Structure formats: C-alpha cells, structure tokens
Amino acid sequence: MRRAVLYLRVSTVDQTTANQERELRAIADRMGCEITKVYRDHGISGAKGRDKRPQFDALCKAAARREFDVVMAWSVDRLGRSLQDLVAFLGELHALGVDLFLQQQGLDTTTPAGKALFQMMGVFAEFERAIIQERVRAGLRRARDEGKQLGRPKIDAGIERAIHADLRRKDRPGVRVIAAAHGVSVNTVQRIAHAR
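Model, not experiment: these values are computed from the prediction.

Chemist: Talk me through the side chain of Thr-109; I want residue IDs and the actual numbers.
Modeler: Mapped onto the secondary structure, Thr-109 falls in the loop between β5 (107–108) and α5 (112–145). Within polar-contact distance, the side chain of Thr-109 engages the side chain of Asp-99 at 2.8 Å. Of note is the side chain of Thr-109, whose polar atom sits 2.7 Å from the backbone nitrogen of Leu-100. Residues contacting Thr-109, with those up to four places away along its chain left out, are Asp-99, Leu-100, Gly-114, Lys-115 and Phe-118.

Chemist: Go over the sheet that holds strand β2 (residues 33–42) with me, naming the residues and quoting the values.
Modeler: Pairing in this open sheet of 5 strands is mixed, and the strands run β2-β1-β3-β4-β5 from one edge to the other. Each edge of the open sheet is held by one strand with a lone partner, namely β2 and β5. Of the strands in this sheet, β1 (2–10), β2 and β3 (70–73) are in contact with helix α2 (residues 54–64), which crosses β2 at around 145 degrees.

Chemist: Residues and numbers for the packing of α2 against helix α4 (residues 83–96), please.
Modeler: Two elements in contact, α2 and α4, have axes whose closest approach is 10 Å; the angle formed by their N-to-C orientations is 25 degrees. Classified by the angle their axes make, α2 and α4 are roughly parallel. Crossing of α2 over α4 shows left-handed handedness. The residues of α4 that touch α2, namely those facing Phe-56, Leu-59, Cys-60, Ala-63 and Ala-64, are Phe-89, Glu-92, Leu-93 and Leu-96. Here the contact of α2 with α4 is composed, by residue class, of 8 nonpolar, no polar and 1 charged.

Chemist: Tell me about the confidence of the model for the protein, residues and numbers included.
Modeler: When the pLDDT values of the protein are averaged, the result is 88; 98% of them are 70 or greater. Mean pLDDT across the elements of the protein ranges from a minimum in α4, with 81, to a maximum in β3, with 96.

Chemist: So what about the packing of helix α6 (residues 157–168) against helix α8 (residues 186–195)? Which residues, and what values?
Modeler: Where α6 meets α8, the axes come as close as 10 Å, and the angle between the chain directions of the two elements is 75 degrees. When the interaxial angle is binned, α6 and α8 end up roughly perpendicular. In contact with Glu-160, Ile-163, His-164 and Leu-167 of α6, α8 contributes Val-189, Ile-192 and Ala-193. Its residues placed into classes, the contact of α6 with α8 shows 5 nonpolar, 1 polar and 1 charged.

Chemist: I'd like a rundown of the side chain of Arg-78, residues and numbers included.
Modeler: Note on placement: Arg-78 falls in helix α3 (residues 76–79). Judged by relative accessible area, which is 10%, Arg-78 ranks as buried. In this structure the side chain of Arg-78 is engaged in a polar contact, spanning 2.7 Å, whose partner is the backbone oxygen of Arg-9. The contact partners of Arg-78, leaving out residues within four places of it in the chain, are Tyr-7, Arg-9, Val-10, Gln-20 and Arg-53.

Chemist: I'd like to hear about the pattern of salt bridges, residue by residue, with values.
Modeler: For the structure on display, the rule yields 14 salt bridges. Its salt-bridge partner being Glu-21, residue Arg-25 comes within 3.0 Å of it at the nearest N-O pair. Taken together, the residues Arg-25 and Glu-21, both in helix α1 (residues 18–31) and 4 residues apart, mark about one turn of the helix. Among the residues examined, Arg-25 registers a relative accessible area of 37% and is labelled partly exposed. Classification of Glu-21 as buried rests on a relative accessible area of 13%. Among the ionic pairs, Arg-142 bridges to Glu-146, the shortest N-O distance being 3.4 Å.

Conventions adopted
Residues numbered from 1 in each chain as written. Predicted model: local features only at pLDDT ≥ 70, side-chain atom pairs only at ≥ 80, totals over all residues. Heavy atoms only, no water. Helix = DSSP H or I, 4+ residues; strand = E, 2+ residues; numbered from the N terminus. Polar contact = N/O pair within 3.5 Å; in protein donor to acceptor, adjacent residues only side chain to side chain. Contact = heavy atoms within 4.5 Å. Pairing = 2+ DSSP bridges. Axes fitted to C-alpha atoms, helices over the stretch in contact; angles between N-to-C directions. Parallel < 35°, antiparallel > 145°, perpendicular 65-115°, else oblique. Left-handed = near helix turned anticlockwise from the far one by under 90°. Nonpolar A, V, L, I, M, F, W, Y, C, P; charged D, E, K, R; others polar. pLDDT = per-residue confidence, 0-100. Buried < 20%, exposed > 50% of the residue type's maximum accessible area, 1.4 Å probe, protein only. Salt bridge = Lys/Arg side-chain N within 4 Å of Asp/Glu carboxyl O.

Right under this line is the structure:
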C-alpha cells in the first residue's frame, strides 16, 4: 500500500480545511493509499514562502526523508501562489521520486499521463531558467558596452594594506572592529583575510 500525506491550507482563520480533507481521504481510499499524516496550514496565505508556512516546511523535510510516496492536495494553489516556488517544490518532489496528486487539476503523477505532464512542467521550468540567464547575460553585456564597472567596487590600496596590517597584528582586534575602523563591511575584511 502506498503511503500518502495530505497537504491542506486555507488563507483565513474563518475558513476550514474539512472539505478538502474529506474529499482527499475518499480519493486516497479509492487509490489504495494509506494516509500517514495530514499537514495543515491554517490562516496562512499561499503567497507566503516555505519559511512562513510551518506545515508545508515540515512536509518538504519529511519528503526529503522519504517518509511517504505521494503528496495529495486539493489544488495547485493550496501548495503555493508563486510560480517560482511551486516549480522548485515540484522539481524537489520529482527528484525524490515522490508522486503528486492534485484533485482540481486532475494531476496524478502515479499515472503515465500524469508523469508526462510532470516532466513537461520540468521542461518549461528549465526553459524559463535559460531565458532568465540569457537576459542577465544580455544586461551585463549592455552594461559593459556602456562603460559601467561591474562587480564589487575596488577598495583603496592604502585601506587594503592597513586591513592586512591589522590582520597580522599579534593583538589583532576582531573582524568587526577592523571593518568599523576602516569604514568597510565585515565581508570585505573577511574576503581580504582569505585572499592573503
């Protein structure tokens, strides 16, 4: 018997997940799945990230531990409203070999048609990443052609020498103290320290 988990979410505290759960339990029974856990985010918007949805985060961690075989949800918008986050979640499930069932969209990756649709979603996500990369490269080329300096701003050679000297001192102060003394960020001091 396949192990299934339900993910239920409603956006306001006035709403209930009871209808979603009742319907999904009946479908799981017909599919021959045993529901091992129900994850409920109550009164939390789907636009919130994984870090703001504790039960969704717990589901993702349990998926990584392979505690179940299929995630069942009422609709794709229950999983999230951000396309980027949704594609990342779907890719994570796919990589882990965890199936997905979405009632409203009729998506069931336990079937050949569902698997094909899942793979097509991955292809489109990869295509979107390639388009974004090309836009970034084009923007960098344009900036270079316009004479703009790319990357971190250069640090004055005198300041860099002084930071090196402070880092070599026997009674060396902390990185934060050195950064404050020279008017640079802690990251800059750390980068200079590692470049020695």
